[in-house]
Structures are given as C-alpha cells and as structure tokens.
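# Commentary on secondary and tertiary structure
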Amino acid sequence: MKYDLAAFDFDGTLADTLPWFESILDGVADKYGFRKAGPAEREQLRHRGAHDILKILGIPLWKMPAIMAHVRQLMRDVDPNVQVFDGIPEALTGLRAAGLRLVVLSSNSAANVQRVLGPRATEWFDDFECGADMFGKAAKLKRLLARHRVAPQRCVLVGDEMRDIDAARKAGVQVAAVSWGYNHAQALRSHAPDILVNSPAELVGALAG
C-alpha cells in the first residue's frame, strides 16, 4: 500500500461548501469591511492562492481568526444545506476497506464536520484535527503524524487548494490535490502536487494503489 494514513481536508474536498460560502460572502464582507467581488471576479480568484486573495479583497491577516470563527458559526446554523460530494461516501468506504487510516484535517470545527458527514463520520474517520490554529495546517499534520506514529512519507494530505499543497510540503508529507473543490485543476497542477485526482471515484486507486 502506498500510504498508512490519509488526512482529508473538509471544505471543498469532502463537502461541497463553495455554493453556501458564496451565498454568505457579501454579508461577511459588510460585517468585516473588506471588498466585495462580483461573480466573474470570484471565478478568477479560484486560480489564485489564499494570500493573493486576501490582498486582492483587502483582508488583513489579523482579521482572519474573527472572520473564520464567524463563518463556522454561520455554517452551524445552515449545515443541512451543505452535503458531501457525490461519490465521497463510496470512496471513503473503499479506502477503509483497503486498510487506510483516515483522518479529517480542517480549520472548520469538528462539530460542523461531523454534522455534515452524518452518523458514518466515526465509521470512516479515526481522528478529527479541526478548528483554528495560528500555526496552520502544517502544524496540524505534524501533530497527527506524532499521534498516529506514522512516518511523513507514509502520509498523504488530500485537499482542494494550493495552500493544502504548501502545508503538505512544510510537513514533509505527500499531497493529493482534488480538482472538484475551490482551486481549478490548472492552478493546482501549476503547484505540482504528487497526485491530481479528478473525481471521487479515482480516490481509492490513487491512494490505496
């Protein structure tokens, strides 16, 4: 088997949160005083990295913890409108059957993640490393590696953004980028992930080998 542990991002990787996020974005912009982007610009921003997006919209880093906490609260109130992507349940079941340990790695809250995943959340996933972290996803990954006693080269991070690729590199783990989430496939490819996955149906073959 290629990996012992697969760490899954949540928003945009397991769950289709982008339509919901776009529906609340203007209200968040009003509350925290950053620039609104129209539909065409939002689509263009999907080709950019997280730091570029903050600069373009005029969001200072010091506001991000409050913005993220507010968004997580809003999601708690509307979670029935957020669903996992088609094919994800089957992929997770297949990965577990192949013997992989699966964990969720997300800046979203564990409560939101588990509500959206439903009653099978703990059947699919062994651990949930969730919530805001001032040191980012790389620090979360390193904690997971230590807790599960897995060598970095035996772990893969599955995510939908260029920042997920950056976090994996910092932690020394492999990275599988999925093209159905926030960043477009072209943008992900330019960031040179170890694997580019184009549909949930490809996950078992890509990760279990």
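Residues numbered from 1 in each chain as written. Predicted model: local features only at pLDDT ≥ 70, side-chain atom pairs only at ≥ 80, totals over all residues. Heavy atoms only, no water.

Under an unreviewed UniProt entry, the name given to the chain is HAD family hydrolase, and the organism recorded is Bordetella genomosp. 7.

## Quick word on the side chain of aspartate 160
The topology assignment puts aspartate 160 in the loop between strand E4 (155-159) and helix H9 (162-171). For aspartate 160, which is buried and forms no salt bridge, the nearest opposite charge comes from lysine 137, at a distance of 6.0 Å. (Helix = DSSP H or I, 4+ residues; strand = E, 2+ residues; numbered from the N terminus. Buried < 20%, exposed > 50% of the residue type's maximum accessible area, 1.4 Å probe, protein only. Lys, Arg positive; Asp, Glu negative; His and termini not counted. Salt bridge = Lys/Arg side-chain N within 4 Å of Asp/Glu carboxyl O.)

## As for the packing of aromatic side chains
The geometry of two aromatic rings is summed up by the distance between their centres and the angle between their planes. This model, assessed by the stated rule, comprises three aromatic pairs. Judged by centre distance (6.4 Å) and plane angle (65 degrees), the rings of phenylalanine 85 and tryptophan 180 are edge-to-face. Of the two residues, phenylalanine 85 sits in the loop between helix H4 (64-78) and helix H5 (88-97) while tryptophan 180 sits in the loop between strand E5 (174-178) and helix H10 (185-190), which places them 95 residues apart along the sequence. Take phenylalanine 85 and tryptophan 180: they sit in the same class, and that class is buried. Here the aromatic residues Phe8, Phe125 and Phe128 are joined through ring pairs into a cluster of three or more. (Phe/Tyr/Trp six-rings, centres within 6.5 Å; stacked < 30°, edge-to-face > 60°.)

## Observations concerning the domain arrangement of the chain
Taken as a whole, the chain is organised into domain 1 (5-16 + 81-208) and domain 2 (18-75). Inter-centroid distance (C-alpha atoms) of domain 1 to domain 2 is 22 Å. Taken together, the 18 residues of domain 1 in the interface contact 15 residues of domain 2. For domain 1, the biggest contributors to the area lost against domain 2 are Asp16, Tyr182 and His184; these three give 39% of the whole. Our enumeration of links across domain 1 and domain 2 arrives at zero salt bridges. On the surface where domain 1 and domain 2 come into contact, there are seven residue pairs in polar contact (both at pLDDT 80 or more). Broken down by secondary-structure element, the contributors of at least two residues to the side of domain 1 that touches domain 2 are helix H6 (110-117), H9 and H10. Its residues assigned to classes, the side of domain 1 that touches domain 2 comprises seven nonpolar, eight polar and three charged. (Domains from an automatic or database assignment. Contact = heavy atoms within 4.5 Å. Buried area = accessible area lost by both parts, 1.4 Å probe. Polar contact = N/O pair within 3.5 Å; in protein donor to acceptor, adjacent residues only side chain to side chain. Nonpolar A, V, L, I, M, F, W, Y, C, P; charged D, E, K, R; others polar.)

## What about the state of the cysteines?
Going through the model one piece at a time under the given rule, you end up with zero disulfides. The cysteine cysteine 130 is free of any disulfide, with cysteine 155 supplying the nearest cysteine sulfur at 15 Å. A relative accessible area of 1% places cysteine 155 in the buried class. (Disulfide = S-S within 2.5 Å.)

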